[in-house]
Amino acid sequence: MPSLRKSLKILVAAGLLIWIADGFLLMRSESPRSAPSPAAETAVSTGPGGGARYSGAIHIHSTYSDGGGSVADIIRAGQKAGPDFLILTDHDTLQPRFDGHQGYHDGLLLLVGEEVNTSAGHLLALGVGRDVDQDGPLGLPALIDEISEAGGVSIAAHPTGRRPWTHWTDDKMDGLELLNGNSDWRDDSVLELLRAVVFLPFLPDGVFNSLIDRPNEAIRLWMHRAQRQPVTVIGSLDAHERIKLWGERHLAFPTYERMFGLIRTYVITGMELTGDAGVDEGILLDAIRRGSCYVVLEGYEPAPGFSFELIMGPETRPMGSTVAFQDGGRLHVTAPSSGPVRIRLYRNEVPLIDTEGHELFVEVPGPGVYHTEVYQLRSTLLRGERQRLWIISNAIRVE
Ligand SMILES: [Zn+2]
Ligand SMILES: [Zn+2]
């Protein structure tokens, strides 16, 4: 029956056309909202609450371990992509620091930490001036003590990824990665990944943005821990610029520059950086340790104007604070953007308010762990309005 075969062909062709049209519109709707404004590119911006803020690309691998590029390549990519600081974290080595790479490179600050392989998973050890490992008889707790006593910061890398973090009993651990650019696309469906490959040459910005979704599992883990103690969260890249093919062959993809523009952690410091790398490392890591930072899907739009704070009478408490409950306290969120956004405020992981607009004031209803997420509203002809995660704050704990 030739007519049946013909109808089938037409049906398949129509289906394919719709799939292509839908994919194209979807990827276009995921594109950056506007070119970063010159203000967003400057090294220092002072946001609401006064403190200077700096955007960083965190968790980068070089040829010192399994990355595809040299430290010089990474610095060049950083200078093009425009973050204020980079944190290099090669596997089990601090050699780039000993070789003198930590410092300012034409205004871009490169900090050198280490990604330590432990029995519980991969751990970012930042701000420690010496190599650390888990070889001692006391194991992981001793390692975390050592990082803490050296004034460093310990952060569980890709805690819910392929190599999950499995040991959460140590109270001295500072935090965890909420996003990891090398892990987050892996839970996408085969169809989503196929669509990404098809549209990558045409709409690369949209394709990369489309692969990162709300990290539900990592947020659950964070909130579970945050009930008991402060836990800082960051957004990481795990940038390698290297995909292993076969033998010694590899592909230089995705590029460092691409990754540095995809996910950033904005750090709100109490003071401006000084230009002295040693001092500035302390300023940035102190702010990260106390949770004075937020995660931005930079590929959608930079977010230098975001704030989340608790206002109690004349006092304002920033992200990362733990405060005693008082009547009349108000939570305040601002999320300036060049387009429409929704602000969601969560209490103990449960949405408390979900509202369209760039600012939110709400009275604190009682004790709880509060955090906020901002979604950009993107619409396409075939799918209508979609909410895409743009910002995740650190928490304010009210006891
Ligand atoms: Zn890792
Ligand atoms: Zn890594």
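That block above? That's the structure.
Here goes a summary of the coordinates provided. (Residues numbered from 1 in each chain as written. Chains lettered and ligands numbered in written order. Predicted model: local features only at pLDDT ≥ 70, side-chain atom pairs only at ≥ 80, totals over all residues.)

Below, the discussion takes up the overall build of the protein. Along the protein, the regular secondary structure elements total 10 helices and 23 strands. Relative to a compact globule of 399 residues, whose C-alpha radius of gyration would be 21 Å, the protein shows 22 Å and is just as compact. Dimensions of the protein along its principal axes, counting C-alpha atoms only, are 80 × 60 × 40 Å. Residue burial in the protein is summarised as follows: out of 399 residues, 45% are buried. (Helix = DSSP H or I, 4+ residues; strand = E, 2+ residues; numbered from the N terminus. Rg over C-alpha atoms; globule rule 2.2 N^0.38 Å. Buried ≥ 20, exposed ≤ 12 C-beta atoms within 10 Å, placed from the backbone.)

Let us now look at the environment of Gly175. By secondary structure assignment, the location of Gly175 is in strand β8 (residues 175-180). Considering only alpha carbons, one finds Gly175 and Leu237, 62 residues apart in sequence, at a separation of 16 Å. For Gly175, the residues in contact, after removing those within four places along its chain, are Ile155, Val231, Thr232, Val233 and Ile234. (Contact = placed C-beta atoms within 7 Å.)

We now examine the environment of Thr63. Examined against the element boundaries, Thr63 turns out to sit in the loop between β2 (52-60) and α3 (71-81). When the C-alpha atoms of Thr63 and Asp99 are compared, they prove to be 13 Å apart, with 36 residues separating the residues in sequence. Leave out the neighbours within four places in its chain, and Thr63 touches Gly69 and Ser70.

Next up on the list: helix α10 (residues 277-289). Compared with an ideal rise of 1.5 Å per residue, which puts 13 residues at 18 Å, α10 spans 18 Å between its outermost C-alpha atoms and is within 8% of the ideal. Regarding α10, the residues found buried are Asp280, Glu281, Leu284, Leu285, Ala287, Ile288 and Arg289. Downstream of α10 by one or two residues, Gly291 has phi in the positive range, about 80 degrees. (Expected span 1.5 Å × (residues − 1).)

Grouped together as the largest cluster of nonpolar side chains are 98 residues, with contacts concentrated most on Leu86, Leu176, Leu178, Tyr294, Val295, Trp390 and Ile391. The element that contributes the greatest number of residues to this core is strand β5 (residues 108-118), accounting for six residues. Residue-level mapping places this core at the junction of two domains, with at least three residues from each of domain 1 (31-302) and domain 2 (306-399). The contacts of Leu176, once residues within four sequence positions are left out, are Ile155, Ala156, Pro159, Trp165, Ala218, Leu221, Trp222, Val231 and Val233. (Core = buried A, V, L, I, M, F, W, Y, C linked by C-beta atoms within 7 Å. Domains from an automatic or database assignment.)

What follows is about the sheet that holds strand β17 (residues 330-334). Spatial ordering of the open sheet is given by β15-β14-β17-β20, a layout of four strands whose pairing is antiparallel. At either margin of the open sheet sits one strand with a lone partner, and together these are β15 (315-318) and β20 (359-363). Adjacent strand axes in the sheet meet at a mean angle of 25 degrees when their direction is disregarded. As paired elements, strand β14 (residues 307-312) and β17 share five bridges and run antiparallel to each other. (Pairing = 2+ DSSP bridges. Axes fitted to C-alpha atoms, helices over the stretch in contact; angles between N-to-C directions.)

Take helix α6 (residues 190-199) next. Along α6, the positions that sit buried rather than exposed are Arg195, Ala196 and Phe199. All buried residues of α6 fall inside an arc of 105 degrees around its axis, so they share one side. The outward face of α6, more than 90 degrees from its buried face, is lined by the exposed residues Val190 and Val197. (Arc of directions from axis to C-beta.)

Moving on, we get to unusual backbone geometry. The omega torsion of the bond from Phe253 to Pro254 falls at -15 degrees, within 30 degrees of zero and hence cis. By the secondary structure assignment, Pro254 is in the loop between β11 (250-251) and α9 (256-260).

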